[in-house]
Amino acid sequence: MAAERPTRPAGRPATSRRPAAKKATKPAVDPRFPHGPLAVLDGVGSAYGVDGIVLDCPATTIPELVEWTLRESGLGAPKLNRYGKDSDPLIVLTAAAAVKLGLPERLEGHEQRRSLRLPEDHRVVKQVAKAKWQLTQRGFGPWARIYRKAQGRERQCVQLAILSWDALDERSWPGVAEMEAADIARVLGVYAQRVITPRGSTAVSGLELMTALRPPTKPERNEETGNWMSAYNPGSLGTEPMDPAPPEATAEHPVVVQSGWTGGFLNEEAYQWVRSVDSLSDEECMMPFAVGLDLNTAFLAAAARLVVGLSAPDHFHAPKFNPKIPGSWLVDLSHIELDPRLPSPFTPDGTRPTGPAWYQTHTVAYAQELGYDVHPIEAYLRRETGAYLDPWHDRLKNAYVDTLADLGVTKDLDDRAFLAAMEQHKQVDPALAAVLAAIKATVKGSVGKLRERPQGRHYKEGERWPALERPTWRPDIRAAVISKARVNMHRKLNNMAKMTGLFPLAVLSDCVVYPSPGASPLDFLPYAASGKPQPGGFRLGPTPGLAKLEGVQPMLWAVELMEKGLNPARHIKGGDAVLDEGE
């Protein structure tokens, strides 16, 4: 146990190099956590917090750091739901701080860096155990959690993030690991205040946010004894993991392997479609430009008011289709004739179905919306349902819109001003641009994590893997989000064709490429005589589900890629678009 140090003042007077933020945007300070949710520790004992605060941290070992954080730092964040838990304080270690506390500057090994851990016999791991602290099963890695079993109601837990061990992935947090400590604290602090205190990758934090906003349990009084006990919180996913129906699982899942299931699987994935070059008209080929539109956080838009199953799936034979019931339906949609210049709405690669296949409710409902009869052969449906993701959607939507607004992209801009503001927004404030990237990565990553696959060389098909023990391992919810996002995309493509006669060249997830007479979306998007965007097609704007410009290239460039079987939507920005885990 670290010797008790004389108490020293918790903070030097905060000197901020930045003008104070507008008071209205700041959440009320919780008296238990006067210094905000987190701090970034440098090599000389300065801990940089939010709003320019700098605290003095005397710790020279990890156990001392944990004690200081819990007893003196005033760090942490209040719970997001009355039945939830407060957020544990986060301490981010710079390379110099890590070395000072006895950690190696880098973790080396053959595995991907984020799965590396300190060996059990490392001095720091032993110090932690000797001081009667525990590490979670994941060990001492880039996002180490150090805790003691709760005494009464007080949780004792500190989250560490080690920058030089690649705790902040460059794709989710562009440029952040290279920033000064005070700027890192600002980026992570804005994310913590608008989303949640980071607890791992943005994908992990996104899942934590789901649970924090809909905690699995709530206190309930036992009428007979008068004692309070823990009870199921309605609308949540509960405390126990739930097995999927066989067609919702992955091929290696125990419910598939042990039952010998051969009935096929859902294939609700995002679009990766390129139109056949043969279907291009001369007029289209003569257009000078190919313009890419990107839908803002398409998965987030799809999560709004999305009804998902909350109970285990039940099996039905020849049920009548009901678009209000979430589940998986085996149905033949191969008879549906659609314009070959559009992707099929029923498959990720846009090809026409060839026979019966499994679909999520939204996909089948869209076939009905297009005017076709559907006759399911069998289905796995859930009786208890709810809009589980609503609070998650609302919080992330507000975070996205508020952060874009801070970068000068506000809701009141007309389309021309919006395009100009989007062109500049990353230069306005690189720190806030990084927060925006992290919010987007949170959405995609957590949708992907709803169906996390087994990792590691030693996995054998049919075994359970760690992710299956989470109540948030829910491939059916992932399928619902992606199915709705793909249907939303097709509905817009279809409306565009009806309103403008324009057909896309390619779609990749939430990006679509159109031939255009000019180098701007304003040259081909449909507007009414009043100048207002026509409802139903693609519309420009800063909220989830509206579009922004992804990139512009010569039409000839797009046709050449299409002839090689490559997707222009992947490359229109310049470089290679990344299909994230959610997709």
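Please read all numbers here as calculations on a predicted model, not as lab measurements. (Residues numbered from 1 in each chain as written. Predicted model: local features only at pLDDT ≥ 70, side-chain atom pairs only at ≥ 80, totals over all residues. Heavy atoms only, no water.)

Moving on, we come to the overall build of the chain. Counting its regular elements, the chain contains 15 helices and 20 strands. For the chain, whose C-alpha radius of gyration is 26 Å, the value lies close to the compact-globule estimate of 25 Å for 583 residues. Dimensions of the chain, computed from C-alpha atoms along their principal axes, come out at roughly 80 × 55 × 50 Å. Put simply, the chain has 583 residues, and 53% of those count as buried. Carbon and sulfur atoms provide 51% of the accessible area of the chain, an area that totals close to 27200 Å². (Helix = DSSP H or I, 4+ residues; strand = E, 2+ residues; numbered from the N terminus. Rg over C-alpha atoms; globule rule 2.2 N^0.38 Å. Buried < 20%, exposed > 50% of the residue type's maximum accessible area, 1.4 Å probe, protein only. Areas by Shrake-Rupley, 256 points an atom, 1.4 Å probe, with all protein chains shown as cover.)

Next up on the list: the confidence of the model for the chain. Looking at the chain as a whole, its pLDDT mean stands at 93, while 93% of the residues score no less than 70. Considering only residues more than four positions removed or in separate chains, one finds that residues 1–24, a stretch of pLDDT under 50, has 29 contacts. (pLDDT = per-residue confidence, 0-100. Contact = heavy atoms within 4.5 Å.)

Here we take up the side chain of serine 328. Following the sequence through the fold, serine 328 ends up in strand β14 (residues 327–332). Note on serine 328: relative accessible area 1%, which makes it buried. Within the local environment of serine 328, its side chain forms a polar contact with the side chain of glutamate 248, the two groups lying 2.8 Å apart. (Polar contact = N/O pair within 3.5 Å; in protein donor to acceptor, adjacent residues only side chain to side chain.)

Evaluated as defined, the whole model comprises 28 salt bridges. Here aspartate 166 and arginine 106 are joined by a salt bridge, their closest N and O atoms 3.7 Å apart. With a gap of 60 residues between them, aspartate 166 in the loop between β7 (154–162) and α4 (181–194) and arginine 106 in the loop between α2 (95–100) and α3 (123–130) connect regions that are remote in the sequence. In this structure aspartate 166 comes out as partly exposed when scored by relative accessible area, which is 35%. (Salt bridge = Lys/Arg side-chain N within 4 Å of Asp/Glu carboxyl O.)

With that settled, consider the packing of helix α11 (residues 415–428) against helix α12 (residues 430–449). At a minimum axis distance of 6 Å, the contact between α11 and α12 shows a crossing angle of 110°. Considering their axes alone, α11 and α12 lie roughly perpendicular with respect to each other. Here His425, Lys426, Gln427 and Val428 of α11 come into contact with α12, specifically with Pro430, Ala433 and Leu436. (Axes fitted to C-alpha atoms, helices over the stretch in contact; angles between N-to-C directions. Parallel < 35°, antiparallel > 145°, perpendicular 65-115°, else oblique.)

In terms of residue burial, strand β19 (residues 511–516) counts as a mostly covered element, since six of its six residues are buried. Burial along β19 is two-sided: Cys511, Val513 and Pro515 and Val512, Tyr514 and Ser516, pointing in opposite directions, are all buried. Bridge count for strand β11 (residues 289–295) against β19 is six bridges, and the pairing is antiparallel. Opposite glycine 292, over in β19, you have valine 513 as the bridge partner. (Pairing = 2+ DSSP bridges.)

Further remarks concern the sheet that holds strand β3 (residues 54–56). As summarised here, the arrangement of the seven strands in space is β3-β2-β1-β4-β7-β6-β5, forming an open sheet in which the pairing is mixed. The outermost strands of the open sheet, each flanked by one partner alone, are β3 and β5 (134–135). Inspection of the sheet shows β5 paired to strand β6 (residues 145–151) by two bridges, in the antiparallel sense. Counterpart to glutamine 134 in the pairing with β6 is tyrosine 147. This element, helix α1 (residues 62–71), spans β1 (38–41), β2 (46–48), β3, β4 (90–93), β6 and β7 of the sheet and lies at about 125° to β7.

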